[in-house]
Amino acid sequence: DAQESRGLGDVYKRQERYYCSQDFAYWLTIYGTIFEPRTDRNTLGGGNLPFIPFAKQIELVRKREWCLTQKGPDADLVVSKTRDVGASWMTCAFALWGWLYKHPWNVLLISRREDMVDSKNHRSLFSKIDRMFWGLPEWQRPAGYDPDKHRQKLFMLNPENHNELAGESTTSKAGRADRVTWADIDEAAFVPDLLDIWNGIAATTSHRSATSTEHLGEGPDFYNLRTGTDMEFRPALFEIDYWDNPFNDEHYIEQERVRYASRMADFEREILRNPHAGDSGW
């Protein structure tokens with residue numbers, strides 16, 4: 001009976017791995033976890049919670065998957081988002097899923113400071129990946145994975161398929177020495193001279209993405225990518241508004257309006273995605 005039970009368990013695990021490899025949304029919904037430090041954002045409270053995505057988050061990943069099949073302008077993607085819709089979490093989840101189940105799958109994650117890419121702070125991109133990875137059942141992790149060997153600063157190697165996740169901060173030379181499946185620039189509107197990096201990684205990968213809330217304080221590069229200003233061809237565009245998160249109802253928006261009352265231009269930018277609010281210079 002014990003042998004039969006183990007056999008059935010192995011069949012189940014192989015079947016589940018197949019389902020997960022075929023559909024990111026299935027994998028995330030059944031096996032994903034997310035860290036929520038706030039205890040008042042949902043009925044489950046805070047801490048490590050099941051990662052149950054809402055519809056727009058899955059649409060974002062479907063857009064990423066579509067861009068990976070394209071050539072030319074549609075191979076690249078600009079994601080303009082409001083606050084609190086989990087866009088960075090979805091980028092990290094998609095990177096981890098492909099690292100587990102696709103090949104080749106080498107990903108470069110870029111943010112404006114190194115500590116925002118990889119640090120013990122839960123806000124860093126690799127911290128999100130680590131939390132999701134260790135939240136998976138052991139049989140979903142690569143055989144032989146040793147964090148001392150395969151998880152270095154700004155780097156994560158899958159010993160089974162040799163996929164890699166790498167990270168860099170935003171310098172003018174970011175990504176130039178790499179060759180990757182796709183690359184994402186997080187909080188791109190806050191990166192000075194964004195287009196230097198955007199064009200610098202054009203030879204590194206056929207699939208670039210820039211994800212950010214709206215901001216013009218560091219210059220118009222992200223705005224120009226989003227709108228196609230001064231460009232003959234512009235990247236594919238995906239937009240997420242506050243109402244796309246089911247938790248963000250009218251009570252939420254009124255509450256946020258009050259909390260931003262000291263400077264309403266910040267509310268316009270952060271929540272309503274109006275990049276021009278408070279930035280008359282641009």
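What this report covers is the structure whose coordinates are included nearby. Note that the coordinates shown come from a computational prediction; the quantities given were computed from them, not determined experimentally. (Residues numbered from 1 in each chain as written. Predicted model: local features only at pLDDT ≥ 70, side-chain atom pairs only at ≥ 80, totals over all residues. Heavy atoms only, no water.)

Let's talk about the packing of aromatic side chains
The final tally for this structure, using the stated rule, is 20 aromatic pairs. Centroid distance F94 to W97: 5.8 Å. Interplanar angle 20 degrees. Geometry classified as stacked. Separated by three residues within a single helix, F94 and W97 lie in helix α4 (residues 87-101), roughly one turn from each other. Comparing F94 with W97 shows no difference in burial state: the two are buried. With 4.7 Å between their ring centres and 55 degrees between their planes, F133 and Y145 make a pair best called tilted. Taken as a pair, F133 in helix α6 (residues 125-134) and Y145 in the loop between α6 and α7 (147-150) lie far apart in primary sequence, twelve residues in all. As far as burial versus exposure is concerned, F133 and Y145 are alike and both buried. Members of the aromatic cluster, each reached through a chain of ring pairs, are F24, W27, F94, W97, W105 and W182. (Phe/Tyr/Trp six-rings, centres within 6.5 Å; stacked < 30°, edge-to-face > 60°. Helix = DSSP H or I, 4+ residues; strand = E, 2+ residues; numbered from the N terminus. Buried < 20%, exposed > 50% of the residue type's maximum accessible area, 1.4 Å probe, protein only.)

Thoughts on the packing of α4 against α6
Running from amino to carboxyl end, α4 crosses α6 at an angle of 55 degrees, the nearest separation of the two axes being 9 Å. Considering their axes alone, α4 and α6 lie oblique with respect to each other. Here the hand of the crossing between α4 and α6 comes out right-handed. Where α4 approaches α6, its residues S88, W89, C92, A93, L96 and W99 are matched on the opposing element by L125, K128, I129, R131, M132 and F133. (Axes fitted to C-alpha atoms, helices over the stretch in contact; angles between N-to-C directions. Parallel < 35°, antiparallel > 145°, perpendicular 65-115°, else oblique. Left-handed = near helix turned anticlockwise from the far one by under 90°. Contact = heavy atoms within 4.5 Å.)

Considerations on empty space enclosed by the protein
Summed over the entire model, instances satisfying the criterion amount to two cavities of 30 Å³ or more. By volume, the largest cavity is sized at about 80 Å³. If you go around the largest cavity, the residues you meet are R64, C67, L68, A75, D76, L77, F94, W182, A183, H207, R208 and S209. The residue makeup of the lining of the largest cavity, split by class, is seven nonpolar, two polar and three charged. Of the residues assigned to the lining of the second largest cavity, the class counts are seven nonpolar, one polar and three charged. (1 Å grid on protein atoms, 1.4 Å probe; cavity = no way out; pocket = protein on both sides within 12 Å on 5 of 7 lines; lining within 4 Å. Points joined across faces, edges and corners; volume = space filled by probe spheres on them. Nonpolar A, V, L, I, M, F, W, Y, C, P; charged D, E, K, R; others polar.)

Thoughts on the pattern of salt bridges
In this structure the tally under the stated criterion is 18 salt bridges. R208 is the salt-bridge partner of D76, the closest N and O atoms lying 2.6 Å from each other. Of this pair, D76 sits in the loop between α3 (55-67) and β3 (77-81) while R208 is found in strand β9 (residues 208-212), placing the two residues 132 residues apart along the sequence. A salt bridge links E214 to R226; the nearest nitrogen and oxygen atoms lie 2.5 Å apart. Separated by twelve residues along the polypeptide, E214 in the loop between β9 and α9 (221-227) and R226 in helix α9 bring together distant segments of the chain. Assigned by exposure class, E214 and R226 land together as buried. (Salt bridge = Lys/Arg side-chain N within 4 Å of Asp/Glu carboxyl O.)

In short, geometric facts, not functional conclusions.
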